[in-house]
Amino acid sequence: MSADPLSDALAVADARTVFSGGFTAGGDWAIQLRGRDRLKVNAVVRGGCLLVRETGGEPVRLAEGDVVVSDGGQPYVLCSRAGVEPTDSEDVVMDQVTRMGRLGQGEDVDVACVSGHIDLSRDRGDLLRRALPELVHVRADSAEAGVLRWLIGQLAAEMTTRRAGVEFVSAQLAQLMFVQVLRVCLTEADGLPPGWLRALADERLAPALRLMHGDPAHPWQLAELARAAAMSRTTFAVRFREAAGVPPLTYLLNWRMSLAARALRQDTAPVAALARSVGYTSESAFSNAFKRAVGVGPRRYREAARS
């Protein structure tokens, strides 16, 4: 593995950002979107609208160039104004060529949005979903939004022109959009829940995270990690737990189990070899640790993943 925790987490989670289409709208309109336990991405290509969460709270005003990522836990509504009866997204008729739907009345196009989701099913979504708040709103005028604006423009162009390779290019652009959203989150860490992303955003803790990610099989001790962060053991342990939500060595254990789970899904290496790759000299010790963390032993996990 590299010493880049953000890239590592995306790889281990097997995150796949899938572009699913979008819609144009005019007049009064509203659409209900359901995450279905997947991270949902919406980008405003043109115009603006409101985002209304079914859990309540103030509506979120979205402007042209804004991007939102929801954790998929609760449905929400995009609309021209609050109070318009929403159409379920499943009921919107999509153009088979452009994969764009139409909402509202008349010929005018006041708003255009593109949508996608992030498939986290391979690791049950825990690694990424726990690291993000319920809703991430990246504003078009934020300091980090320039790349996102370009990506949104390119995605919109791919939808319009439908050139050869459009499906592949759209998926790659959507993936890059999600990575850029995570980078924005790193600059606004105060809004993140405790987790690896918030810990990575802490410049004092990042060196210790890079050590654990760079060599997960090493028997890291609290003193070594604290030295890398230039802190006392006590100060480091307290600060790490506040940011990551777990103590440093528990984080290391969880990371090893995430690596092991991915290897079991993708590789055919014997469990004993896999155990050594994540720092266990005993296959039985590794199997017990994996079962405590995941709920089933490594062999049963591998069988279930492949079925």
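Look up: the structure comes first, before these words.
Rules behind the numbers
- Residues numbered from 1 in each chain as written.
- Predicted model: local features only at pLDDT ≥ 70, side-chain atom pairs only at ≥ 80, totals over all residues.
- Heavy atoms only, no water.
- Core = buried A, V, L, I, M, F, W, Y, C linked by side-chain atoms within 4.5 Å.
- Buried < 20%, exposed > 50% of the residue type's maximum accessible area, 1.4 Å probe, protein only.
- Contact = heavy atoms within 4.5 Å.
- Helix = DSSP H or I, 4+ residues; strand = E, 2+ residues; numbered from the N terminus.
- Lys, Arg positive; Asp, Glu negative; His and termini not counted.
- Salt bridge = Lys/Arg side-chain N within 4 Å of Asp/Glu carboxyl O.
- Pairing = 2+ DSSP bridges.
- Axes fitted to C-alpha atoms, helices over the stretch in contact; angles between N-to-C directions.
- Polar contact = N/O pair within 3.5 Å; in protein donor to acceptor, adjacent residues only side chain to side chain.
- Expected span 1.5 Å × (residues − 1).
- Arc of directions from axis to C-beta.

1. Considering the nonpolar core
Soluble globular proteins tend to pack their nonpolar side chains together in the buried interior. Ranked by size, the top nonpolar core spans 73 residues in total, and within it Val67, Met177, Trp196, Leu197, Phe236 and Phe286 carry the most contacts. Filtering out sequence-adjacent residues up to four positions away, Phe286 remains in contact with Met257, Ala260, Val271, Leu274, Ala275, Val278, Tyr280 and Pro298. If you look at the next biggest cluster of nonpolar residues, it comprises 18 residues, including Ala25, Leu51, Val111 and Cys113.

2. Focus: the side chain of Asp66
Secondary-structure assignment places Asp66 in the loop between β5 (60-62) and β6 (67-70). Of the buried charged residues, Asp66 lacks a salt bridge, with Arg139 as the closest side chain of opposite charge at 5.6 Å. If near-sequence neighbours (up to four positions away) are discounted, Asp66 is found in contact with Asn42, Ala43, Val44, Arg61, His137, Val138, Arg139, Ala140 and Ile152.

3. Remarks on the sheet that holds strand β9 (residues 100-104)
Adjacent strands of a sheet pair through backbone hydrogen bonds, lying either parallel or antiparallel. Read across the sheet, six strands follow the order β9-β1-β10-β3-β6-β11 without closing on themselves; strand pairing throughout is mixed. With partners counted over all chains shown, the strands left at the sheet margins are β9 and β11 (135-138), one partner each. On average, each strand axis in the sheet is tilted by 20 degrees relative to the strand beside it, whichever way the strands run. Sheet topology note: the strand β3 (residues 39-46)/β6 ladder contains four bridges and is antiparallel. By the bridge assignment, Ala43 is partnered in β6 with Val67.

4. Let's talk about the environment of Thr235
You can see Thr235 is positioned in helix α8 (residues 233-244). In this structure, the C-alpha to C-alpha distance between Thr235 and Gly26, residues 209 residues apart in sequence, is 56 Å. Of the polar contacts made by the side chain of Thr235, one reaches the side chain of Ser232; its length is 2.9 Å.

5. A closer look at the pairing of β6
What you see with β6 is no split at all: Val67 and Val69 on one side and Val68 and Ser70 on the other are buried throughout. Relative to β11, β6 runs antiparallel, the two being bridged by four bridges. Bridge pairing in β11 links Ser70 to Leu135.

6. Some thoughts on the pattern of salt bridges
Applying the stated criterion across every chain, the model contains three salt bridges. Its salt-bridge partner being Arg81, residue Asp28 comes within 3.2 Å of it at the nearest N-O pair. You can see Asp28 sitting in the loop between β1 (16-26) and β2 (30-33) and its partner Arg81 sitting in the loop between β7 (76-79) and β8 (87-88), a full 53 residues away along the chain. Judged by its relative accessible area of 42%, Arg81 is partly exposed.

7. Overview of helix α3 (residues 146-161)
Along its 16 residues, α3 runs 23 Å from first to last C-alpha, staying within 8% of the 22 Å computed at 1.5 Å per residue. Of all the positions in α3, only Leu148, Leu151, Ile152, Leu155, Ala156, Glu158 and Met159 are classed as buried. Considered in projection along α3, the buried side chains sweep an arc of 155 degrees and stay on one side of the axis. Along α3, the residues that are exposed and aim more than 90 degrees away from the buried face are Trp150 and Thr160. Residue Arg162 follows α3 closely and has a positive phi angle near 50 degrees.

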